[in-house]
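Summary of the model geometry
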Amino acid sequence: SFSVALGDLDGDGDLDAMVANQKKPNTVWTNDGNGTFTDSGQALGNSDSRSVALGDLDGDGDLDAMVANYSGAKSVWTNDGNGTFTNSGQALGDSNSFSVALGDLDGDGDLDAMVANNQEPNTVWTNDGSGTFTDSGQALGNSDSISGALGDLDGDGDLDAMVANLGQPNTVWTNDGNGTFTNSGQTLGTSASYSVALGDLDGDGDLDAMVANGGQPNTVWDNDISEASDVLNQTTGVWYDSAREAIAAAAANDHLQVWGEAFNLSGVIDARERPLTFRAVFPVTFGENLMFLPGSGTSFLSQDADVQNTYASRGRIIAPQNGQLIFNGLEFLDGSQFQQNGASLLVNGQMTTTGGAAYLSGEALAVGISTGANGVNRVANDTDIYGNYTNAGSTIIQRGTLYIYGDLTNTGTMTGDYNNGFMRGAGPQEGDGYSIGGSYTIGAEASLVLPEPIWKLSVGGNLDIAINDPARFAMAQATIELDGLAPGNQQTLETLSADLGASDSGFASSNFPIGTLRIASGSNTVLVNEHVNSTDTPCEVLYVDRLVVEAGASLTTAGCRIYTNDAVLDGTIDNEDDIIVIADCTGDLNADGIVNAADLGIVIGTWGTPNGQGDVNADGTVNAADLGIVIGVWGNCP
């Protein structure tokens, strides 16, 4: 036996085998699904077979076979779907053939064949789709070829060939996409090579080769096509050495096929006057010293729809003012800058700020938008994110509102920067901040910092806050609004604070205070205690300077308290006793809601001390004046 090919020959879901034999009939072995093979009893031909390849040659959905014979014509065997093969009657050439490889060589959707021949040129046989093959007339080389492998070696989307030769250099043949092959001129090694296999061996996205040699070490050949800088204008058919040259010569709406290093350039490329379509053969990276200004309507796509090649930048990309850009995938790397300039971004994949800074303003539709640990997204004006948003780095509101219409997950820092003078524009306005249509999940090590009263955080779904350090939660003057956009309008709100009673100490920055909490009309908000933020108690509380429950809203406290200095309760509350409005009660030194002997004891206990707890009138000394005040307001607080 010279060759074996595996495939599901009888349609039962497991892999069977066809074996090419020397000077004996070829055989079919069926698998029982457990790896035990049985001879099917078929004797296919009686030639000196050297290679067999399986594929659906006649388009009926099952695997047929082409056999390369050394002494005799190549043969095609059709399968009835149950693993029974019939000779198609075709006698394809009379070369001494050693190897056959199947693939769509001419781009018509069916499987053609490349045959490696001994002491004769290699041949290409085209399939008409029904399993009938015709010699293309090509005579490729004149070496003693033993093995051939098909794959896209130059990254242009069609199948090329690498051929292993006996005692002569191995060769690479490039395909023009129509099945016509040209010798690349490469002479790879001088060993006696018997077999070649292709695959991405170094992980750079292109196909490399391993060659098995006789009497000498086997060899690995690296392909560097992913690092090429070539550009093909697919509209005109003209090749260029770099993207700069290709863009300068292009007309509006031309399609440019680009390789991985095509944009590894310095300086400025200004293409604002004409939209173009770029098609990446391999992932493309914009150079760190490049400033690129694409025109509105420009698309950055993948050459092969089945291979999602993406675009990354180490330099600076400036989007067209209020224009539109389309990306297959977009990543900003360390040192990069991106200015959205009000443009609409459509990303058929992920948009990630791994490093550098992206200045967002406008609309972005993507599978997901995120920041990495070293990435910063700065919101330069109102920005709409149509999708989910993940923040592992920093997201900073310079001005405007970041609208996220999906869910937000924050394990990094999200903040507002008030005194910024950003991009020569006005600072943020009242109500700027974050508006989340879905749920907002904040990790234990994350930060939420909106320190000024202008800032607003609106959430349509659950607000799940696991932050365990109050230094990373600065919301004492900001507004949190729950809008009830989740199904059924129900949303949960995490309680955060230690219960320090009805006292000013509960509003200390060390106890997770909130400026304004607004439960908007239509929201059904439920308090929950899923995390240990301040204390490990069954129910932490909330300290809110101002609590608003609008008409048409409901608040379920579930036994958890809210302490507030001001309350507007126009909606429904399950237990109003859990809403504790702290009144101004002079003399209630222990904040228990009543002026009594306990407060008198505090005055007496701190008598004569400077600025003690019993200094009711704050004159610097606990004395008779303080005692008189306590006695004068004796009883329940108003």
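Residues numbered from 1 in each chain as written. Predicted model: local features only at pLDDT ≥ 70, side-chain atom pairs only at ≥ 80, totals over all residues. Heavy atoms only, no water.

Now for the layout of surface pockets. Counted as a void, the second largest pocket has a volume near 310 Å³. Lining of the second largest pocket is provided by 17 residues; of these, Leu153, Val172, Gln186, Asp222 and Asn223 occupy positions nearest its centre. Breaking the lining of the second largest pocket down by element, the ones donating at least two residues are strand 15 (171-175) and strand 18 (208-214). Looking at the lining of the second largest pocket residue by residue, the classes come out as nine nonpolar, four polar and four charged. (1 Å grid on protein atoms, 1.4 Å probe; cavity = no way out; pocket = protein on both sides within 12 Å on 5 of 7 lines; lining within 4 Å. Points joined across faces, edges and corners; volume = space filled by probe spheres on them. Helix = DSSP H or I, 4+ residues; strand = E, 2+ residues; numbered from the N terminus. Nonpolar A, V, L, I, M, F, W, Y, C, P; charged D, E, K, R; others polar.)

A cluster of acidic residues, Asp200, Asp202, Asp222 and Asp224, forms a negative patch at the surface. Within the secondary structure, Asp202 is located in the loop between strand 17 (192-199) and strand 18. Judged by relative accessible area, Asp202 falls into the partly exposed class, the value being 39%. (Patch = residues over 30% accessible without salt bridge, like charges linked within 9 Å, V, L, I, M, F, W, Y side chains within 5 Å. Areas by Shrake-Rupley, 256 points an atom, 1.4 Å probe, with all protein chains shown as cover. Salt bridge = Lys/Arg side-chain N within 4 Å of Asp/Glu carboxyl O. Lys, Arg positive; Asp, Glu negative; His and termini not counted. Charge placed at Lys NZ, Arg CZ, Asp CG, Glu CD. Buried < 20%, exposed > 50% of the residue type's maximum accessible area, 1.4 Å probe, protein only.)

What follows deals with empty space enclosed by the protein. A full pass over the atoms with the stated rule returns one cavity of 30 Å³ or more. Space inside the largest cavity adds up to approximately 60 Å³. Contributing to the lining of the largest cavity are Ser99, Val100, Ala101, Met114, Val115, Ala116, Asn122, Gly148, Ala149, Leu150 and Val163. When contributions to the lining of the largest cavity are tallied by element, the ones reaching two or more residues are strand 9 (97-103), strand 10 (112-117) and strand 13 (145-151).

Turning our attention to the pattern of salt bridges. Per the counting criterion, the structure on display carries eight salt bridges. A salt bridge links Asp48 to Arg50, with the nearest nitrogen and oxygen atoms 3.1 Å apart. Both residues of the pair, Asp48 and Arg50, count as buried. Ionic pairing is found between Asp499 and Arg561, a salt bridge with its closest N-O pair at 3.7 Å. Pair noted here: Asp499 is in the loop between strand 44 (490-494) and strand 45 (514-519) and Arg561 is in the loop between strand 48 (554-556) and strand 49 (562-569), with a separation of 62 residues, a long-range link.

This next bit is on the state of the cysteines. Summed over the entire model, instances satisfying the criterion amount to one disulfide. The residue that forms a disulfide with Cys539 is Cys560, at a sulfur-sulfur distance of 1.5 Å. Taken together, the residues Cys539 in the loop between strand 46 (524-528) and strand 47 (542-549) and Cys560 in the loop between strand 48 and strand 49 connect sequence positions 21 residues apart. Given the relative accessible area of 3%, Cys560 is considered buried. (Disulfide = S-S within 2.5 Å.)

Here the focus is the pairing of strand 18. In this structure, strand 17 lies alongside strand 18, joined through seven bridges in antiparallel fashion. Of the residues in strand 18, the one forming a bridge with Ala197 is Met210. Bridge count for strand 18 against strand 19 (residues 219-221) is three bridges, and the pairing is antiparallel. Its bridge partner being in strand 19, Ala209 is matched across the sheet by Trp221. What sits between the antiparallel neighbours strand 18 and strand 19 is a turn of four residues, in which Gly215 has the positive phi angle 75 degrees. (Pairing = 2+ DSSP bridges.)

Moving on, we get to the packing of aromatic side chains. Applying the stated criterion across every chain yields a total of 19 aromatic pairs. Seen from their ring centres, Phe300 and Phe327 are 4.5 Å apart, and the 5 degrees between their planes marks the pair as stacked. Here Phe300 is found in strand 27 (residues 298-302), whereas its partner Phe327 is found in strand 30 (residues 324-327), with 27 residues between them in sequence. On the basis of relative accessibility, which here comes to 0%, the residue Phe300 falls in the buried class. By way of ring pairs, the aromatic residues Phe263, Phe278, Phe286, Phe292, Phe300, Tyr311 and Phe327 are connected into one cluster. The aromatic ring of Phe2 is capped on one face by Arg50, whose charged end is 4.3 Å from the ring centroid. Lying across the ring of Tyr70, Arg50 places its NZ or CZ 4.5 Å from the centre. (Phe/Tyr/Trp six-rings, centres within 6.5 Å; stacked < 30°, edge-to-face > 60°. Lys NZ or Arg CZ within 6 Å of the ring centre and 35° of its normal.)

Further remarks concern the sheet that holds strand 8 (residues 85-87). The strand order across the open sheet built from four strands is 5-6-7-8, with neighbouring strands paired in antiparallel fashion. The open sheet has two edge strands, strand 5 (49-55) and strand 8, and neither has a second partner. Across the sheet, the axes of successive neighbouring strands diverge by a mean angle of 25 degrees, strand direction being ignored. Strand direction decides the pairing type here: strand 7 (residues 75-79) and strand 8, joined by three bridges, are antiparallel. Within strand 8, the position partnered with Thr78 by the bridge is Thr86. (Axes fitted to C-alpha atoms, helices over the stretch in contact; angles between N-to-C directions.)

Quick look at the side chain of Asp599 now. In this fold, Asp599 is placed in helix 2 (residues 597-605). Despite its burial, Asp599 pairs with no opposite charge, the nearest such side chain being Arg561 at 16 Å. A polar side-chain atom of Asp599 sits 2.9 Å from the main-chain amide nitrogen of Asn596. For Asp599, the residues in contact, after removing those within four places along its chain, are Gly587, Asp588, Leu589, Asn590, Ile594 and Val630. (Polar contact = N/O pair within 3.5 Å; in protein donor to acceptor, adjacent residues only side chain to side chain. Contact = heavy atoms within 4.5 Å.)

Turning next to the packing of helix 2 against helix 3 (residues 624-632). To describe two helices that pack against each other, one gives the angle between their axes and the distance between the axes. The geometry of helix 2 relative to helix 3 is characterised by a closest axis approach of 10 Å and an angle of 180 degrees between their N-to-C directions. By the criterion of interaxial angle, the relationship of helix 2 to helix 3 is roughly antiparallel. Taking contact as the criterion, the partners of Asp599, Leu600 and Val603 in helix 2 are, on helix 3, Asp626, Leu627 and Val630. Within the contact of helix 2 with helix 3, the residues separate by chemical class into four nonpolar, no polar and two charged. (Parallel < 35°, antiparallel > 145°, perpendicular 65-115°, else oblique.)

Further remarks concern the environment of Leu325. With respect to the helices, strands and loops of the structure, Leu325 is situated in strand 30. Residue Leu325 is classed as buried on the basis of its relative accessible area of 0%. Counting along the chain gives 26 residues from Leu325 to Ser299, while the straight-line C-alpha distance between them is 5.9 Å. Apart from the residues within four sequence positions on either side, Leu325 is in contact with Pro294, Gly295, Thr298, Phe300, Ala319, Pro320, Ser344, Leu345 and Leu346.

What follows concerns a nonpolar patch on the surface. Residues Leu346, Leu365, Tyr386 and Tyr405 make up a contiguous nonpolar surface patch of about 360 Å² in total accessible area. Counting through the fold element by element, Leu346 comes out in strand 33 (residues 344-391).

We now examine the side chain of Gln491. Here Gln491 is to be found in strand 44. A polar side-chain atom of Gln491 sits 2.6 Å from the main-chain carbonyl oxygen of Gly461. Within the structure, the side chain of Gln491 is placed 2.5 Å from the backbone nitrogen of Gly484, a separation counted as a polar contact. Among residues more than four places away in sequence, those in contact with Gln491 are Val459, Gly460, Gly461, Asn462, Leu482, Asp483, Gly484, Ser523, Asn524, Thr525 and Val526.

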